[in-house]
Amino acid sequence: MAEEAFEGLGSEARASFPRLMRLLVQAGTGLDASITRIDAPRAALEALPGGHEFMEAFVAARLLNAHQAPDGTPMVIVAHEALLRRWRRVTRWLQHDRERLHVRARVTEAAQRWHAEGRQADRLLPDGKPLAEAEELVGEEDLHLEPAVSDFVVASTARAGARRRLKRLAIAGLAVLTVVAGVLAFVAETNRRAAEERRVVADEARQLAEESLLVVDLPRRAEEDLWPIAPESEAA
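Residues numbered from 1 in each chain as written. Predicted model: local features only at pLDDT ≥ 70, side-chain atom pairs only at ≥ 80, totals over all residues. Heavy atoms only, no water.

Non-glycine residue Arg-62 carries a positive phi angle of around 60 degrees. Here Arg-62 lies in the loop between α5 (51-60) and β4 (64-68). On the basis of relative accessibility, which here comes to 68%, the residue Arg-62 falls in the exposed class. (Helix = DSSP H or I, 4+ residues; strand = E, 2+ residues; numbered from the N terminus. Buried < 20%, exposed > 50% of the residue type's maximum accessible area, 1.4 Å probe, protein only.)

Looking now at helix α7 (residues 88-116). Compared with the 42 Å implied by 1.5 Å per residue over 29 residues, the 39 Å span of α7 between its first and last C-alpha is a close match. Of all the bends in α7, the greatest measures close to 60 degrees and is centred on Asp-97. (Expected span 1.5 Å × (residues − 1). Bend = angle between axes of the 7 residues up to and from the residue.)

Leftover empty space is mapped by rolling, across the atoms, a probe with the size of a water molecule. Its boundaries defined by the atoms lining it, the largest pocket holds a volume of some 480 Å³. Forming the walls of the largest pocket are 21 residues, and the residues nearest its centre are Gln-26, Ile-38, Arg-104, Thr-108 and Glu-146. Secondary structure elements with two or more residues in the lining of the largest pocket: α3 (17-24), β1 (25-27), β3 (40-41) and α7. By residue number, the principal contributor to the lining of the largest pocket is α7, which donates six residues. For the lining of the largest pocket, the residue count by class is 11 nonpolar, five polar and five charged. (1 Å grid on protein atoms, 1.4 Å probe; cavity = no way out; pocket = protein on both sides within 12 Å on 5 of 7 lines; lining within 4 Å. Points joined across faces, edges and corners; volume = space filled by probe spheres on them. Nonpolar A, V, L, I, M, F, W, Y, C, P; charged D, E, K, R; others polar.)

Evaluation of the coordinates by the stated rule reveals seven aromatic pairs. Between Phe-6 and Trp-87 the ring centres are 6.2 Å apart and the planes differ by 70 degrees, which places this aromatic pair in the edge-to-face class. In this pair, Phe-6 is assigned in helix α1 (residues 2-7) and Trp-87 in the loop between α6 (82-86) and α7, connecting sequence segments 81 residues apart. Neither residue differs from the other here; Phe-6 and Trp-87 are each classed as buried. Ring centres 5.7 Å apart and planes at 35 degrees place the aromatic pair Phe-58 and Trp-87 in the tilted group. Linking Phe-58 in helix α5 with Trp-87 in the loop between α6 and α7, this pair joins segments that are 29 residues apart in sequence. Among the residues examined, Phe-58 registers a relative accessible area of 1% and is labelled buried. When its relative accessible area of 7% is taken as the criterion, Trp-87 is described as buried. (Phe/Tyr/Trp six-rings, centres within 6.5 Å; stacked < 30°, edge-to-face > 60°.)

With that out of the way, let us pick up the pairing of β4. Here five bridges tie β4 to strand β5 (residues 74-78), and the two strands are oriented antiparallel to one another. Directly across from Gln-68, in β5, lies its bridge partner Pro-74. Between β4 and β5, which pair antiparallel in sequence order, lie five residues; one of them, Gly-72, sits at a positive phi of approximately 95 degrees. (Pairing = 2+ DSSP bridges.)

What follows covers the nonpolar core. Side chains that are nonpolar tend, in soluble globular proteins, to be buried together. Phe-17, Met-21, Leu-24, Phe-54, Phe-58, Leu-64 and Trp-87 are the most contacted members of the largest nonpolar core, which has 31 residues in total. Of all the secondary-structure elements, those providing two or more residues to this core are α1, α3, β1, α5, β5, α6 and α7. Of all hydrophobic cores here, the second largest spans 15 residues; its members include Val-107, Ala-110, Val-149 and Val-153. (Core = buried A, V, L, I, M, F, W, Y, C linked by side-chain atoms within 4.5 Å.)

Attention shifts here to the environment of Glu-136. Within the element layout of this structure, Glu-136 appears in helix α8 (residues 129-138). With relative accessibility at 53%, the residue Glu-136 sits in the exposed group. On a C-alpha basis, the gap between Glu-136 and Arg-100 in space is 9.6 Å, while along the polypeptide they are 36 residues apart.

This brings us to the pattern of salt bridges. Under the counting rule described, the total for this entry stands at 15 salt bridges. Salt-bridge contacts for Arg-89 lead to Glu-3; the nearest nitrogen and oxygen are separated by 2.5 Å. Of the two residues, Arg-89 is situated in helix α7 and Glu-3 in helix α1; the sequence distance between them amounts to 86 residues. According to the relative accessible area criterion, Glu-3 is partly exposed, its value standing at 28%. We note a salt bridge from Arg-113 to Glu-109, for which the minimum N-O separation is 3.6 Å. In this pair, Arg-113 and Glu-109 both sit in helix α7, four residues apart, roughly one turn of the helix. (Salt bridge = Lys/Arg side-chain N within 4 Å of Asp/Glu carboxyl O.)

Moving on, we get to the packing of α7 against α8. Across the interface, α7 lies against α8 with an axial gap of 10 Å and an inter-helix angle of 105 degrees. By the angle class used here, α7 and α8 are roughly perpendicular. Between α7 and α8, the contacting residues are Arg-100, Val-103, Arg-104, Arg-106 and Val-107 on the first element and Glu-133, Ala-134 and Leu-137 on the second. Here the residues of the contact of α7 with α8 sort into four nonpolar, no polar and four charged. (Axes fitted to C-alpha atoms, helices over the stretch in contact; angles between N-to-C directions. Parallel < 35°, antiparallel > 145°, perpendicular 65-115°, else oblique. Contact = heavy atoms within 4.5 Å.)

Here you go:
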């Protein structure tokens, strides 16, 4: 019955099928990875190209149920969970879109936790695969992220960017410190060698001075050595 209703649609309504289904189902997280039906605002469905025709045909075929939320908002939901498992067109679509639906569910759950706990920075997505996946979601209008989820991803991206900049600054600072340390070590070694050279020069100068004194003193010592020694009697 579902495929017959689908084949009776116009080309624009048939083309809207994937976008409509992303509004009508959600994926579980963690151990609960199943795909389940959810209420979707009727206005969101009708806003899609061909959405009104699709919705009217499937409501008439009792494949979608139209109702009102407690606040009076018109809503639409898949009539039976079995449709998600038995309609081959849906199962084929899920094979292609399942992972994106799971990513959307994980990001949405993380965003809800972030808002519930006062938008704490440590609840934002870390840099790497989780953030990259979330950023891809933001760029895909078909996934219909809530504004709160988009805000969460934007905040996560901003924090990751700030951390990357700080990391680059730290690396640059470390490089500068390494260069400064190398220069200081070079200067210290140069000063040590200069001091050693001055010490050597001073030692050589002192040695030359001592040798000069010896040369000057040689005649006097020679004269003393040659001076006749007086007899003991004369000395008395």
